[in-house]
Amino acid sequence: LLGCLCLLWLGIGQSLVPLNRMRDALMRRSADSLEPLQIHPLPSELKPLLDTQNQLLQRIAKAIERERRLTGDAAHELRSPLTAIKTHLQVARMTDGAARDQSLAHAEEGADRLHRTLEQLLLLARVEGSLSFDDGVQCSAEQVAKLAIQDAASGDRQRIRFLPPSKLSHAPVQMPAVLSIAALRNLLDNALRHTPADETVELSLETSADRE
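Residues numbered from 1 in each chain as written. Predicted model: local features only at pLDDT ≥ 70, side-chain atom pairs only at ≥ 80, totals over all residues. Heavy atoms only, no water.

All right, on to the pattern of salt bridges then. Considering all chains together, one arrives at two salt bridges under this definition. Of the charged contacts, one joins Lys 146 and Glu 142 as a salt bridge, the two residues approaching to 3.2 Å between their closest N and O atoms. Of this pair, Lys 146 and Glu 142 are both found in helix 5 (residues 141–153), four residues apart, which corresponds to roughly one turn of the helix. Residue Arg 161 pairs with Glu 202 through a salt bridge whose shortest N-O separation is 2.1 Å. Of this pair, Arg 161 sits in strand 1 (residues 160–163) while Glu 202 sits in strand 2 (residues 201–204); the two residues are 41 residues apart in sequence, bridging distant segments of the chain. With a relative accessible area of 43%, Arg 161 lands in the partly exposed category. (Salt bridge = Lys/Arg side-chain N within 4 Å of Asp/Glu carboxyl O. Helix = DSSP H or I, 4+ residues; strand = E, 2+ residues; numbered from the N terminus. Buried < 20%, exposed > 50% of the residue type's maximum accessible area, 1.4 Å probe, protein only.)

Laid out in structure tokens, this is it:
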């Protein structure tokens, strides 16, 4: 019995040696190191565990890279409108009359641009993250179009002309309302930005095979 216990203790100890090597390798790594673990030799029974660990490290590295990219994009996108707002407010402080009103109007436009940029960055963070868009709100294609026009126009609504079909289904769109409104709003923003100020942008809905 004692001999069997000794053999069992030795066998368990030898089988735990690869796990101890994995533990030591993880303990020696720095906090920001996400390189795959390379442990040789390794029993075939433990290779799935090592592969799973390396896949987890790879997913963490991708998540950190997305956060860094989002932070860099946010800093770049927010710097320009903030600088413009500050400049126009300084000009408004030093001038009077029409020049002051024009500078304040430009500052307000910069604030609106900053607000839209923040909304898009928050939406990007939700898309790349694990937040759910299913808030229970369902909108038809017509409602999505009207809400997108309302968000995109921002005081220049007469430049967008909505052309709904004669027969429009009221069935809800098969995607989260937040995403559909944001996608259409971005298209309208681009259309308004690249269209001469004296021309209108037309938004039409067409039904094809019971889909808008």
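Having seen the model, we can carry on.
This brings us to a nonpolar patch on the surface. Together, Leu 1, Leu 2, Leu 5, Leu 8 and Ile 12 make up a nonpolar patch on the protein surface, roughly 580 Å² of accessible area in all. Its location among the elements puts Leu 5 in helix 1 (residues 2–15). (Patch = residues over 30% accessible without salt bridge, like charges linked within 9 Å, V, L, I, M, F, W, Y side chains within 5 Å. Areas by Shrake-Rupley, 256 points an atom, 1.4 Å probe, with all protein chains shown as cover.)

Formed by 18 residues in total, the largest nonpolar core has its most connected members in Ala 145, Ile 149, Phe 162, Leu 184, Leu 188, Leu 203 and Leu 205. Of all elements in the fold, only helix 5, strand 1, helix 6 (177–193) and strand 2 reach the threshold of two or more residues within this core. Ranked by residues supplied to this core, first place goes to helix 5 with six residues. Once residues lying within four places of it in the same chain are set aside, the contact partners of Leu 184 are Val 144, Ala 145, Ala 148 and Leu 203. Residues Leu 37, Ile 39, Leu 42 and Leu 46 belong to the second largest nonpolar core, which totals seven residues. (Core = buried A, V, L, I, M, F, W, Y, C linked by side-chain atoms within 4.5 Å. Contact = heavy atoms within 4.5 Å.)

In this section: the side chain of Asn 54. Looking at where Asn 54 falls in the secondary structure, it is placed in helix 3 (residues 47–94). Owing to a relative accessible area of 15%, Asn 54 belongs among the buried residues under this scheme. With near-sequence residues (within four places) excluded, Asn 54 lies in contact with Pro 36 and Leu 37.

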